[in-house]
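Reading the structure
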Amino acid sequence: MNLFGRVIMAFMPITPKAFIRFISRRYVAGPELEDALRVMREMSSENTSFTVDVLGEDISTLEGTQPFIEEYNRLIEAISQSDLNAHVSLKPTAFGLDIDYGYALKALSDIVRKANESQIYVRLDMEDSTHTESTLKIMEDLYSEGHLNVGVVLQGRLLRTNDDLLRIAETMGKHADVRICKGIYLEPSEIAYTSYSDIVNATSDAVETALDLGMYVGIASHDHPVINAALQNLQSRGIMPEKPDPRKPAPVVKPGKGGGYEFQFLLGVRGDVRRRLASNGHLTRVYLPYGKQWYEYSMRRLRENPGIAWHVAKSIIMPWTNRR
Ligand code: FAD
């Protein structure tokens, strides 16, 4: 992290909450479900789809899962009554993954089933590497229960990702659907790439492998080298917007998705790149977080990866670099 990022980090704990709220408005839709719906409606002219995430902090008891269960039910209900192209993303630990695996599986199974009634796709976000195995297992268990509207995220920076892609391809076949990102959590060099260039290359390689394994691929990066490599890989395989996916076998595409792939962006980050991709016919999706715990969420993300402070600072000082 550069000096400016470090300064921002040092001042965060004493920065008035109202100011943090002002900054985070770009990245978080607001505290309430109605805020998420409003922002999606406002953005509907931008020819994009959404995946909505309910913000929350770590839970330590199973009772702590109840607010998430209730809010995701409300969210799914609201999406199903709207004409928005929106799916949901969730963190398995918010459903008790760290406390009681069986409980978390049942809770997630109920959510995924309810989402499926309205053709809504459920993405299990990937948390730090201590959760990779249990998150993959929960997805496999959901799949073996017959749920097809569920997928995970793999992080390019983790050394295990290539093996995980092969494992998912084997388990889910033409229903395999992964989001590939660099990974927000800083992981040790024993299990992860740690330099910028290695992470970029590994993330692009993961996208390429996922395409070759016949998966539906969510390319979740704002970084030009990753996006450009993905575009080249798509083009060289003849996978292009508004054309049938030439892969054999091609993935089974779920409702509201693109032709075998989509580009995903965080709310508030590099909207110009997203709009350009959309205007060239690619399906784009905005990851849209909302929730009362926006403050804890913002602070935790900054603690987990202080490099974000620099992006935030840059977007304040040089707003033209980072329009919503
Ligand atoms: P970077 O080099 O970090 O960013 C490129 C440029 O994008 C920066 O220069 C900056 O201008 C802008 N930028 C990037 N991030 C931010 C930010 N937070 N605020 C402001 N500007 C920013 N990680 C996980 O570990 N698990 C997940 O489940 C997960 N889901 C994700 C879902 C989506 C849709 C996206 C887009 C990312 C997700 N991530 C997840 C985060 C991801 O792993 C990266 O940490 C993050 O996207 C930054 O990497 P980058 O590829 O965008 O490249």
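Before reading further, recall that the structure is shown in the block above.
1. What to know about the nonpolar core
Of all hydrophobic cores here, the largest spans 74 residues; its most connected members are Phe95 and Ile168. Not counting residues within four places of it along the chain, the set of residues in contact with Phe95 comprises Thr65, Phe68, Ile69, Tyr72, Leu90, Tyr103, Ala104, Ala107, Leu108 and Ile111.

2. Brief notes about the packing of helix H3 (residues 33-43) against helix H4 (residues 66-80)
Two elements in contact, H3 and H4, have axes separated by 11 Å at closest approach and are oriented at 35 degrees. Of the two elements, H3 crosses H4, and the hand of that crossing is right-handed. Touching Leu33, Glu34 and Leu37 of H3 are Glu71, Arg74, Leu75 and Ala78, all from H4.

3. Concerning the environment of Ile138
In this structure, Ile138 sits in helix H6 (residues 132-144). A relative accessible area of 0% places Ile138 in the buried class. Sequence separation between Ile138 and Val152 is 14 residues; the distance between their C-alpha atoms is 9.6 Å. Apart from residues lying up to four places away in sequence, Ile138 is in contact with Leu97, Tyr101, Ala104, Leu105, Leu108 and Leu124.

4. Describing the side chain of Glu262
Residue position: Glu262 is located in strand S7 (residues 261-266). Judged by its relative accessible area of 1%, Glu262 is buried. At 2.6 Å, the side chain of Glu262 forms a polar contact with the side chain of Tyr216. If we skip the residues at most four places from it in the chain, Glu262 touches Tyr216, Val217, Gly218, Ile219, Lys257, Leu283 and Arg285.

5. Focus: unusual backbone geometry
The amide bond that connects Lys248 to the next residue, Pro249, takes the cis arrangement and shows omega of -5 degrees. For Pro249, the location among the structural elements is in the loop between helix H9 (224-236) and S7. Not every positive phi belongs to a glycine, and Arg270 is a case in point at roughly 45 degrees. Considering the arrangement of structural elements, one finds Arg270 in the loop between S7 and helix H10 (271-279).

6. Quick notes on the pattern of salt bridges
Side chains carrying opposite charge are able to pair once their charged atoms draw close together. One pass over the structure, following the stated rule, counts 24 salt bridges. A salt bridge links Asp125 to Arg179, with the nearest nitrogen and oxygen atoms 2.8 Å apart. Separated by 54 residues along the polypeptide, Asp125 in the loop between strand S3 (122-124) and H6 and Arg179 in strand S5 (residues 177-181) bring together distant segments of the chain. The closest approach of N and O atoms between Arg167 and Glu140, which form a salt bridge, is 2.7 Å. Here the residue Arg167 occupies a position in helix H7 (residues 161-172), and Glu140 occupies one in helix H6, the gap between them amounting to 27 residues. One salt-bridge network, in which partners are shared between bridges, spans Glu133, Glu140, Arg160, Asp164 and Arg167.

7. Describing the pairing of strand S8 (residues 284-290)
With 7 of its 7 residues buried, S8 lies for the most part within the structure. Across the two faces of S8 the burial is the same, with Thr284, Val286, Leu288 and Tyr290 and Arg285, Tyr287 and Pro289 all buried. By the bridge criterion, 6 bridges tie strand S1 (residues 49-54) to S8 in an arrangement that is parallel. Within the sheet, the bridge partner assigned to Thr51 lies in S8 and is Tyr287. Of the strand pairs in this sheet, S7 and S8 are connected by 4 bridges, and their pairing is parallel. Among the inter-strand pairings, Leu266 is bridged to a residue of S8, identified as Tyr287. Handedness of the crossover is the feature at issue here: the chain leaves S7, passes through H10, returns alongside S8, and the resulting connection is right-handed.

8. Focus on the packing of helix H8 (residues 196-212) against H9
At a minimum axis distance of 10 Å, the contact between H8 and H9 shows a crossing angle of 25 degrees. Considering the angle they form, H8 stands roughly parallel to H9. Here H8 runs over H9; the crossing is right-handed. Residues Tyr196, Val200, Thr203, Ser204, Val207, Glu208 and Leu211 of H8 lie in contact with H9, whose contacting residues are Pro225, Val226, Ala229, Ala230, Asn233 and Leu234. Grouping the constituent residues of the contact of H8 with H9 by class yields 9 nonpolar, 3 polar and 1 charged.

About the criteria used
Residues numbered from 1 in each chain as written. Predicted model: local features only at pLDDT ≥ 70, side-chain atom pairs only at ≥ 80, totals over all residues. Heavy atoms only, no water. Core = buried A, V, L, I, M, F, W, Y, C linked by side-chain atoms within 4.5 Å. Buried < 20%, exposed > 50% of the residue type's maximum accessible area, 1.4 Å probe, protein only. Contact = heavy atoms within 4.5 Å. Axes fitted to C-alpha atoms, helices over the stretch in contact; angles between N-to-C directions. Helix = DSSP H or I, 4+ residues; strand = E, 2+ residues; numbered from the N terminus. Left-handed = near helix turned anticlockwise from the far one by under 90°. Polar contact = N/O pair within 3.5 Å; in protein donor to acceptor, adjacent residues only side chain to side chain. Salt bridge = Lys/Arg side-chain N within 4 Å of Asp/Glu carboxyl O. Pairing = 2+ DSSP bridges. Right-handed = clockwise from strand over helix to strand, strands pointing away. Parallel < 35°, antiparallel > 145°, perpendicular 65-115°, else oblique. Nonpolar A, V, L, I, M, F, W, Y, C, P; charged D, E, K, R; others polar.

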